[in-house]
Amino acid sequence: MFLSNVTVFMPPILTLIGIPGLESVQCWIGIPFCAMYIMAVIGNSLLLFIIKSEPSLHEPMYILIGMLGVTDTVLASSIVPKMLGIFWFHAPDIYFDSCLFQMWLIHTFQCIESGILLAMALDRYVAICYPLRHATIFTLKLVVQLGTVVILRAAILSVPCIVLIKYRLQFYHTTIISHTYCEHMAVVKLAAENIKVNKIYGLFVAFTVIGFDLTFITFSYSQIFVTVFHLPQKEARLKAFNTCIAHIFVFLQFYLLAFFSFFTHRFGSHIPPYIHILFSSMYLLVPPFLNPLVYGVKTKQIRTNVVKLCCSSNPD
């Protein structure tokens, strides 16, 4: 195979430059990113504390929300500290193996989040379409089984991405990554070798996970809407629909950002790099920031317990 005359063999260190074209204002961009990260950690931690401490919330729907909170926190924590190090402390270097580990964390927990959103859609489908059988079908045992399958699927599908880079790609044109974190295609494109296998496997994982999950999520909500619109009473329709609003919002913002990030990285050559990098970073940070706010506002039981917690901490 022909290799460029200027190549680096198995570089020990890579360099993340942050947001290309916006280097002069990255220190300011880091401020809202840091604020969103702090709010995400606080919000998800509060959500988990409330779900854990309140026995009435030990039900499948709230356990799935808690699992989503853990996933969001890990996702945000996997990129923001290093990102702020680049923006504020001029620390762009990252060990090659650390870069691969960050990549594995990001793609594993992205896959886990997609699986959790599917489980939440199935839970709402059973609760609304088969309300009398919901308690017997969607048990805590089933939630544990679904969680185990989702985690195993994510870990197994993500590992080959790392292995294919580590042991297949040895020569690199450059060690500079035009990104704020170690995204799969951003690292693969540094290679001076044939990357077709890496591209194909990346597409396979994306379409396997998103295609499967999105198909069943869409089916679940379409059946929910059909059932809701056939309810005889307007109050019953509004109540049933209200239980899904938060889930639908979370589902839409996750997948819309995911699709934009995925397709622009592969087919959006006409889109300025800084637009893509900003949206890719927001894709991993906005859901962890918004999800606890959405569930805190739209879920009555969680909202009630947040108010109760605030009142107990301020007796006066």
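Residues numbered from 1 in each chain as written. Predicted model: local features only at pLDDT ≥ 70, side-chain atom pairs only at ≥ 80, totals over all residues. Heavy atoms only, no water.

If you check an unreviewed UniProt entry, the chain appears there as Olfactory receptor from Sciurus carolinensis. On record in UniProt, under Sequence similarities (unreviewed entry), the comment for the chain is "Belongs to the G-protein coupled receptor 1 family." According to its UniProt record, the chain has this under Function (unreviewed entry): "Odorant receptor." (UniProt positions renumbered as here; feature names shortened; annotations may be inferred.)

## Regarding the environment of phenylalanine 138
Mapped onto the fold, phenylalanine 138 is located in the loop between α4 (134-137) and α5 (140-168). Relative accessible area serves as the criterion here: at 5%, phenylalanine 138 is assigned to the buried category. Phenylalanine 138 sits 44 residues away from isoleucine 94 along the chain, and the two C-alpha atoms are 44 Å apart. Apart from residues lying up to four places away in sequence, phenylalanine 138 is in contact with Pro60, Leu64, Ala119, Leu122, Asp123, Val126, Val143 and Leu146. (Helix = DSSP H or I, 4+ residues; strand = E, 2+ residues; numbered from the N terminus. Buried < 20%, exposed > 50% of the residue type's maximum accessible area, 1.4 Å probe, protein only. Contact = heavy atoms within 4.5 Å.)

## Some thoughts on the state of the cysteines
Using the criterion set out here, one finds one disulfide in the structure. Each sulfur of the disulfide joining cysteine 99 and cysteine 182 lies 2.0 Å from the other. Around the S-S axis, the bridge from cysteine 99 to cysteine 182 shows a dihedral of about -125 degrees and counts as left-handed. Of the two residues, cysteine 99 is situated in helix α3 (residues 96-129) and cysteine 182 in the loop between β5 (176-177) and α6 (184-188); the sequence distance between them amounts to 83 residues. Of all cysteine sulfurs in the structure, the one in cysteine 27 sits closest to cysteine 34, which takes part in no disulfide; the separation is 13 Å. (Disulfide = S-S within 2.5 Å.)

## Quick look at the UniProt feature "transmembrane region" (unreviewed entry) in the chain
Summarizing the sequence annotation, UniProt attributes the feature "transmembrane region" (unreviewed entry) to residues 28-50, 62-89, 101-122, 142-165, 200-219, 240-262 and 274-295 in the numbering used throughout. With 100% helix and 0% strand, residues 62-89 has its two end C-alpha atoms placed 39 Å apart. With 100% helix and 0% strand, residues 274-295 has its two end C-alpha atoms placed 31 Å apart.

## Quick word on the sheet that holds strand β3 (residues 93-95)
Across the sheet, three strands lie side by side as β3-β2-β5; this open sheet has mixed pairing. For this open sheet the edge positions go to β3 and β5, each flanked by a neighbour on one side alone. Judged from the three bridges that link them, strand β2 (residues 13-16) and β3 form a sheet pairing that is antiparallel. Across the sheet, the residue bridging to threonine 15 is aspartate 93, located in β3. (Pairing = 2+ DSSP bridges.)

## Regarding the packing of α3 against helix α9 (residues 273-298)
Where α3 contacts α9, the two axes come as close as 12 Å, and the packing angle between them is 35 degrees. The two elements α3 and α9 meet at a crossing, and its hand is left-handed. Residue-level contacts link Ile106, Gln110, Glu113 and Met120 of α3 to Tyr283, Leu284, Pro287, Asn291 and Tyr295 of α9. In terms of residue class, the contact of α3 with α9 is built from six nonpolar, two polar and one charged. (Axes fitted to C-alpha atoms, helices over the stretch in contact; angles between N-to-C directions. Left-handed = near helix turned anticlockwise from the far one by under 90°. Nonpolar A, V, L, I, M, F, W, Y, C, P; charged D, E, K, R; others polar.)

## Details of the nonpolar core
With 94 residues, the main nonpolar core has Ile65, Ile165 and Ile177 as its most contacted residues. Each residue touching isoleucine 165, except ones within four places of it in the same chain, is listed here: Phe96, Leu100, Met103, Tyr172, His184, Val187, Val188 and Asn198. (Core = buried A, V, L, I, M, F, W, Y, C linked by side-chain atoms within 4.5 Å.)

## Thoughts on α3
Along its 34 residues, α3 runs 49 Å from first to last C-alpha, staying within 8% of the 50 Å computed at 1.5 Å per residue. In terms of residue burial, α3 counts as a mostly covered element, since 28 of its 34 residues are buried. (Expected span 1.5 Å × (residues − 1).)

## Looking at the environment of isoleucine 176
Looking at the element boundaries, isoleucine 176 is found in strand β5. The class for isoleucine 176 is partly exposed, based on a relative accessible area of 43%. Sequence-wise, isoleucine 176 and alanine 186 are 10 residues apart; in three dimensions their C-alpha atoms are separated by 9.7 Å. With residues near it in sequence (within four places) discarded, isoleucine 176 still touches Thr15, Ile17 and Leu190.

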